[in-house]
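# Results of the structural survey
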Amino acid sequence: MSQSPATVLIVEDEPSIADVLSIALRYHRFEVVTAGSVREAAALLRELRPDAALLDVMLPDGDGRLLGRELRELHPETAIVFLTARDAPADIVGGLALGDDYITKPFNIDEVIARIRAVLRRTKPEDVLPARPPLRHGDLELDESTYTVRRAGGAVDLTPTEYALLRFLVRNAGTVVTKEQLLRHVWRYEHAAESTVVETYISYLRRKLDPLGPPLITTRRGVGYGLA
């Protein structure tokens, strides 16, 4: 049975950019809903549960990153991609802390489509899998049916990308996985060896997991990452 099209919420105050994104996404068979402000988007989100949201950071009535935080609390399963002219490392790291990807303007529309598809592959699997036993590593447990994580009995609140990264590490426990493998299998990037996204998300996972027990994620300098 075919799956219904994914719905993408675009929050962008420049009509020309919103139109280009809408046309391209609809051409690639996405359902599209648009808003030009934080207030308009907030009103839509009372009725809408999008599969992905493409959020401009600089909006006329507020910060798109704050909207992203509210969206994450309201619909934690929604993939969030920030779209902004701000390209300073601090801005990118801040955006990744709240969302699943970050695209800077000017952008290539094919890249935007590819990034949306990549985050949806991580957060909205195309097939529904039968219930499987949880993945376990030491005191860590990942439930692949509910996308929940527990360590030492305590719940760990992860974003979809953090969950996908941790799941890949657990599935490959006992080996060291390279940065390139993580970019390819978790982020679906083929040519992004210089990206700092892996290091950023490893630090996020450590921040959330280490307070619950001994350090779990190990770094093999110059090689990659593994689990203790």
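Residues numbered from 1 in each chain as written. Predicted model: local features only at pLDDT ≥ 70, side-chain atom pairs only at ≥ 80, totals over all residues. Heavy atoms only, no water.

Tallying secondary structure elements over the protein chain gives eight helices and 14 strands in all. Considering only contacts within the protein chain whose residues lie at least 6 apart along the sequence, 56% involve residues at least 24 apart. In the structure as shown, the protein chain presents an accessible area of about 11,900 Å², 53% of it carried by carbon and sulfur atoms. (Helix = DSSP H or I, 4+ residues; strand = E, 2+ residues; numbered from the N terminus. Contact = heavy atoms within 4.5 Å. Areas by Shrake-Rupley, 256 points an atom, 1.4 Å probe, with all protein chains shown as cover.)

Formed by 30 residues in total, the largest nonpolar core has its most connected members in Leu165, Leu166, Leu169, Leu182 and Trp187. Contributing elements (two or more residues each) for this core: strand S9 (140-143), helix H6 (160-171), helix H7 (179-185), helix H8 (197-209) and strand S14 (224-227). Among the nonpolar cores identified, the runner-up in size contains 20 residues, and Ala79, Ile103, Ile113 and Leu120 belong to it. (Core = buried A, V, L, I, M, F, W, Y, C linked by side-chain atoms within 4.5 Å. Buried < 20%, exposed > 50% of the residue type's maximum accessible area, 1.4 Å probe, protein only.)

Backbone torsion omega between Lys105 and Pro106 reads -5°, so that peptide bond is classified as cis. As for its position among the elements, Pro106 is in the loop between strand S7 (101-104) and helix H5 (109-123). Even without being glycine, Arg29 reaches a positive phi, approximately 70°. Mapped onto the secondary structure, Arg29 falls in the loop between helix H1 (15-27) and strand S2 (31-35). Of note, Ala152 is a non-glycine position whose phi angle comes to about 50°, a positive value.

Let's shift gears to the pattern of salt bridges. Opposite charge on two side chains makes pairing possible when the charged atoms of those side chains draw close. Considering all chains together, one arrives at eleven salt bridges under this definition. Ionic pairing is found between Asp100 and Arg72, a salt bridge with its closest N-O pair at 3.1 Å. With Asp100 in the loop between helix H4 (89-98) and S7 and Arg72 in helix H3 (residues 64-74), this residue pair connects regions lying 28 residues apart in the sequence. In this structure, Arg151 engages Asp139 in a salt bridge whose closest nitrogen and oxygen atoms are separated by 3.0 Å. (Salt bridge = Lys/Arg side-chain N within 4 Å of Asp/Glu carboxyl O.)

It is worth spelling out the sheet that holds S9 at this point. Strand order in this open sheet of four strands is S8-S9-S10-S11, and the pairing throughout is antiparallel. Since the sheet does not close on itself, it has two edges, and those belong to strand S8 (135-137) and strand S11 (154-156), each with one partner. Neighbouring strand axes in the sheet, compared pairwise and without regard to direction, differ in orientation by 25° on average. Where S9 and strand S10 (residues 148-151) come together, four bridges link them in antiparallel fashion. Paired with Leu140 across the bridge in S10 is Arg151. (Pairing = 2+ DSSP bridges. Axes fitted to C-alpha atoms, helices over the stretch in contact; angles between N-to-C directions.)

Turning next to the packing of H1 against H5. Following both chains from N to C, one finds H1 and H5 inclined at 60°, their axes separated by 10 Å at the closest point. As judged from the angle between their axes, H1 and H5 are oblique. When the axes of H1 and H5 are compared, the crossing they make is right-handed. Contacts between H1 and H5 involve Val20, Leu21, Ala24 and Leu25 from the first element and Ile109, Val112 and Ile113 from the second. (Parallel < 35°, antiparallel > 145°, perpendicular 65-115°, else oblique. Left-handed = near helix turned anticlockwise from the far one by under 90°.)

With that out of the way, let us pick up the packing of aromatic side chains. Tallied over the entire structure, the rule returns one aromatic pair. Where Tyr201 meets Tyr204, the ring centres are 5.2 Å apart and the plane angle is 75°; that geometry is what we call edge-to-face. Taken as a pair, Tyr201 and Tyr204 lie in helix H8 at a separation of three residues, close to a single helical turn. Assigned by exposure class, Tyr201 and Tyr204 land together as buried. (Phe/Tyr/Trp six-rings, centres within 6.5 Å; stacked < 30°, edge-to-face > 60°.)

Any functional reading would require information that these geometric values do not contain.
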